[in-house]
Amino acid sequence: EDGIRDVERSRGLGDVYKRQEKGLEAGLEVLKTSGRFLVISFHSLEDGIVKRAFREWEREGLGEVITKKPVTPSAEEVEENIRSRSGKLRVFQKG
């Protein structure tokens, strides 16, 4: 029974990540030229999806990745807000 739940859980996560990819694509479509697309992710799989999308868009000539490495919270910010510790900010500018 636990194996079945694991499969169901992983299918649900797959749907979440597919929706994230679609959301990123939709965001790029509505972004005006020179507009900046900022995304904060709190999970490594989410961050990987954002990173790959931004790099792909840059390779396709759609714009430029502004943050080659993600911006992470400072020690002070984490001390003030512990939930910020896993946050990663990435920025893409549409060309």
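Residues numbered from 1 in each chain as written. Predicted model: local features only at pLDDT ≥ 70, side-chain atom pairs only at ≥ 80, totals over all residues. Heavy atoms only, no water.

**Student:** Tell me about the sheet that holds strand S2 (residues 63–65), and name the residues and values.
**Tutor:** A sheet is described by the order of its strands in space; here three strands give the open sequence S1-S3-S2, paired in antiparallel fashion. A single partner strand is all that each edge strand has here, and the edge strands are strand S1 (36–41) and S2. Averaged over all adjacent pairs, the angle separating strand axes in this sheet is 20°, with direction ignored. The strands that helix H2 (residues 44–59) touches are S1, S2 and strand S3 (88–94); relative to S3, the one it contacts most, it runs at about 20°. (Pairing = 2+ DSSP bridges. Helix = DSSP H or I, 4+ residues; strand = E, 2+ residues; numbered from the N terminus. Axes fitted to C-alpha atoms, helices over the stretch in contact; angles between N-to-C directions. Contact = heavy atoms within 4.5 Å.)

**Student:** With reference to specific residues and values, describe the pairing of S3.
**Tutor:** The element S3 is extensively covered by neighbouring structure, given that five of its seven residues are classed as buried. Here six bridges tie S1 to S3, and the two strands are oriented antiparallel to one another. Each bridged residue has a counterpart across the sheet, and for serine 41 the counterpart in S3 is lysine 88. Sheet analysis places S2 next to S3, joined by three bridges and oriented antiparallel. What sits directly across from glycine 63, in S3, is lysine 94. (Buried < 20%, exposed > 50% of the residue type's maximum accessible area, 1.4 Å probe, protein only.)

**Student:** I'd love a proper account of the packing of aromatic side chains, names of residues and values included.
**Tutor:** By the definition in use, this model includes five aromatic pairs. With 5.3 Å between their ring centres and 70° between their planes, tryptophan 57 and phenylalanine 92 make a pair best called edge-to-face. Of this pair, tryptophan 57 sits in helix H2 while phenylalanine 92 sits in strand S3, and the two are 35 residues apart along the sequence. A relative accessible area of 5% places tryptophan 57 in the buried class. The buried category is assigned to phenylalanine 92, whose relative accessible area is 0%. Following the ring pairs from residue to residue traces out a cluster consisting of Phe37, Phe54, Trp57 and Phe92. (Phe/Tyr/Trp six-rings, centres within 6.5 Å; stacked < 30°, edge-to-face > 60°.)

**Student:** Describe unusual backbone geometry, naming the residues involved and giving the relevant values.
**Tutor:** Leave glycine aside and you will find that most residues have negative phi; peptide bonds, for their part, are mostly trans. Even without being a glycine, serine 34 presents a positive backbone phi close to 75°. The class for serine 34 is partly exposed, based on a relative accessible area of 48%.

**Student:** Quick rundown of the environment of tyrosine 17? Include the residues and the values.
**Tutor:** The topology assignment puts tyrosine 17 in helix H1 (residues 2–30). Put simply, tyrosine 17 and isoleucine 49 are 32 residues apart on the chain and 7.8 Å apart in space, counted from C-alpha to C-alpha. Setting aside residues up to four positions removed in sequence, tyrosine 17 forms contacts with His43, Leu45, Glu46 and Ile49.

**Student:** Break down a negative patch on the surface for me, citing the residues and quoting the values.
**Tutor:** Residues Glu21, Glu25, Glu29, Glu56 and Glu60 make up a contiguous surface patch of negative charge. Sort the elements by how many residues they give to the negative patch and H1 lands first, with three residues. Of note, glutamate 25 is situated in helix H1. Glutamate 25 sits in the partly exposed class, given a relative accessible area of 46%. (Patch = residues over 30% accessible without salt bridge, like charges linked within 9 Å, V, L, I, M, F, W, Y side chains within 5 Å. Areas by Shrake-Rupley, 256 points an atom, 1.4 Å probe, with all protein chains shown as cover. Salt bridge = Lys/Arg side-chain N within 4 Å of Asp/Glu carboxyl O. Lys, Arg positive; Asp, Glu negative; His and termini not counted. Charge placed at Lys NZ, Arg CZ, Asp CG, Glu CD.)

Such coordinate-based values are descriptive only and should not be taken to indicate function.
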